[in-house]
Amino acid sequence: KAGVTQTPRYLIKTRGQQVTLSCSPISGHRSVSWYQQTPGQGLQFLFEYFSETQRNKGNFPGRFSGRQFSNSRSEMNVSTLELGDSALYLCASSLAPTGGPYEQYFGPGTRLTVT
Amino acid sequence: QQPVQSPQAVILREGEDAVINCSSSKALYSVHWYRQKHGEAPVFLMILLKGGEQKGHEKISASFNEKKQQSSLYLTASQLSYSGTYFCGTESNTGNQFYFGTGTSLTVIP
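Residues numbered from 1 in each chain as written. Chains lettered and ligands numbered in written order. Predicted model: local features only at pLDDT ≥ 70, side-chain atom pairs only at ≥ 80, totals over all residues. Heavy atoms only, no water.

A short note on the overall build of chain A
Part 1: A tally of regular secondary structure across chain A gives zero helices and 11 strands.
Part 2: Helices and strands in chain A line up, N terminus first, as β-β-β-β-β-β-β-β-β-β-β.
Part 3: Relative to its length of 115 residues, chain A is compact, with a C-alpha radius of gyration of 13 Å against a globular reference of 13 Å.
Part 4: The dimensions of chain A, computed from C-alpha atoms along their principal axes, are 40 × 30 × 25 Å.
Part 5: In chain A, which comprises 115 residues, the proportion classed as buried is 50%.
Part 6: Summed over all atoms, the accessible surface of chain A reaches about 5200 Å², with 48% contributed by carbon and sulfur.
Part 7: Computed over 11 positive and 6 negative side-chain charges, the separation of the two mean positions in chain A equals 4 Å. (Helix = DSSP H or I, 4+ residues; strand = E, 2+ residues; numbered from the N terminus. Rg over C-alpha atoms; globule rule 2.2 N^0.38 Å. Buried < 20%, exposed > 50% of the residue type's maximum accessible area, 1.4 Å probe, protein only. Areas by Shrake-Rupley, 256 points an atom, 1.4 Å probe, with all protein chains shown as cover. Lys, Arg positive; Asp, Glu negative; His and termini not counted. Charge placed at Lys NZ, Arg CZ, Asp CG, Glu CD.)

Re the overall build of chain B
Part 1: Along its length, chain B carries zero helices and 11 strands.
Part 2: Counting from the amino terminus, helix and strand elements in chain B follow one another as β-β-β-β-β-β-β-β-β-β-β.
Part 3: Taking the principal axes of the C-alpha coordinates as reference, chain B spans close to 45 × 25 × 20 Å.
Part 4: A buried classification covers 45% of the 110 residues belonging to chain B.
Part 5: A separation threshold of at least 6 residues defines the contact pool for chain B, and within that pool the share at least 24 residues apart is 56%. (Contact = heavy atoms within 4.5 Å.)

Comments concerning the pattern of salt bridges
Pairing is possible between side chains that carry opposite charge, provided their charged atoms lie close to one another.
All names here are of chain A.
Part 1: One pass over the full model with this rule turns up five salt bridges over all chains.
Part 2: A salt bridge links Arg-63 to Asp-85, with the shortest nitrogen-to-oxygen separation between them at 2.8 Å. Pair noted here: Arg-63 is in the loop between strand E6 (53-57) and strand E7 (64-68) and Asp-85 is in the loop between strand E8 (74-78) and strand E9 (87-94), with a separation of 22 residues, a long-range link. Across this residue pair, the class does not change: Arg-63 and Asp-85 are buried.
Part 3: Among the salt bridges present, the one from Glu-75 reaches Arg-73, with a minimum N-O distance of 3.3 Å.
Part 4: Owing to a relative accessible area of 16%, Glu-75 belongs among the buried residues under this scheme.
Part 5: When salt bridges with common partners are traced through the structure, they connect Arg-63, Glu-82 and Asp-85 into a single cluster. (Salt bridge = Lys/Arg side-chain N within 4 Å of Asp/Glu carboxyl O.)

Some points on the interface of chain B and chain A
How big an interface is tends to be stated in terms of accessible area lost as the parts join.
Part 1: Counting from both sides, the interface comprises 17 residues of chain B and, opposite them, 20 residues of chain A.
Part 2: Counting across the interface, chain B meets chain A through zero salt bridges.
Part 3: Scanning the region where chain B abuts chain A turns up two residue pairs in polar contact (both at pLDDT 80 or more). (Polar contact = N/O pair within 3.5 Å; in protein donor to acceptor, adjacent residues only side chain to side chain.)

Points about the sheet that holds strand E3 (residues 19-24) of chain A
All names here are of chain A.
Part 1: Spatial strand order, E1-E3-E8-E7: four strands in an open sheet with antiparallel pairing. Single-partner strands in this sheet number two, and they are strand E1 (5-7) and E7. Strand-to-strand twist of the sheet, defined as the mean angle between neighbouring strand axes without regard to direction, takes the value 20°.
Part 2: Note that E7 and E8 share five bridges and pair antiparallel. From the neighbouring strand, Phe-64 faces E8, where its bridge partner is Val-78. (Pairing = 2+ DSSP bridges. Axes fitted to C-alpha atoms, helices over the stretch in contact; angles between N-to-C directions.)

Brief notes about the state of the cysteines
Part 1: Tallying each qualifying case throughout the model produces two disulfides over all chains.
Part 2: With a sulfur-sulfur separation of 1.9 Å, Cys-23 of chain A is cross-linked through a disulfide to Cys-91 of chain A. The disulfide joining Cys-23 of chain A to Cys-91 of chain A has a torsion of about 65° about its S-S bond and is therefore right-handed. Taken as a pair, Cys-23 of chain A in strand E3 and Cys-91 of chain A in strand E9 lie far apart in primary sequence, 68 residues in all.
Part 3: The exposure class assigned to Cys-23 of chain A is buried, which follows from its relative accessible area of 0%.
Part 4: Of the residues examined, Cys-91 of chain A reaches a relative accessible area of 0% and is grouped as buried.
Part 5: Between the sulfur atoms of Cys-22 of chain B and its disulfide partner Cys-88 of chain B the distance amounts to 2.0 Å. The sign of the 75° torsion about the S-S bond sets the Cys-22 of chain B-Cys-88 of chain B disulfide as right-handed. A residue pair is termed long-range when its members are at least 10 positions apart, and Cys-22 of chain B in strand E3 (residues 18-23) and Cys-88 of chain B in strand E9 (residues 84-92) qualify at 66 residues. (Disulfide = S-S within 2.5 Å.)

Just distances and angles here, no functional claims.
Here you go:
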């Protein structure tokens, strides 16, 4: 069974630009969550999608948005990039909505550098 | 709402034991534990559901005290492969909210 895949793996952008990251969950998984990871900040929750609906959203500005398609693939978009957006962006998939008895499977992440 | 983990960092010698704690300000329904090795994605360890159960996974086990809104991860007879950052993830009783903790860096040295 293929794992969670994320593309691209590395990205360098300039302040003010926008970026779209993609995540393909494990086959059969309907929940996709996105996290931002920076040194010293741990895993900051961005949002979760389940069956094409945003189920939860973390405390991030509106520049961060996402969506999920009918095949459960998900994209996240960051507009008007700032230097502070430089981070590792991880997505995780799960059979059901995050929590309860269902574990999350993480992708390798997309390393975004904003210059 | 982010659970707090303690200690922030710990260094052990092979064979020593360690305890990592995870505390939440909210009543919890479930606690998840993950380990992330340097440069890799987090990997699932175990889940504990409301009910105060304890679970084990080889020499790594965990407990969940729902009254205290706490969970503890126990690593016994640590091995070099245990090195990494450990995260707890908590889901509140009200549901729809899942947050990872602040993380605990664990280093096992020979």
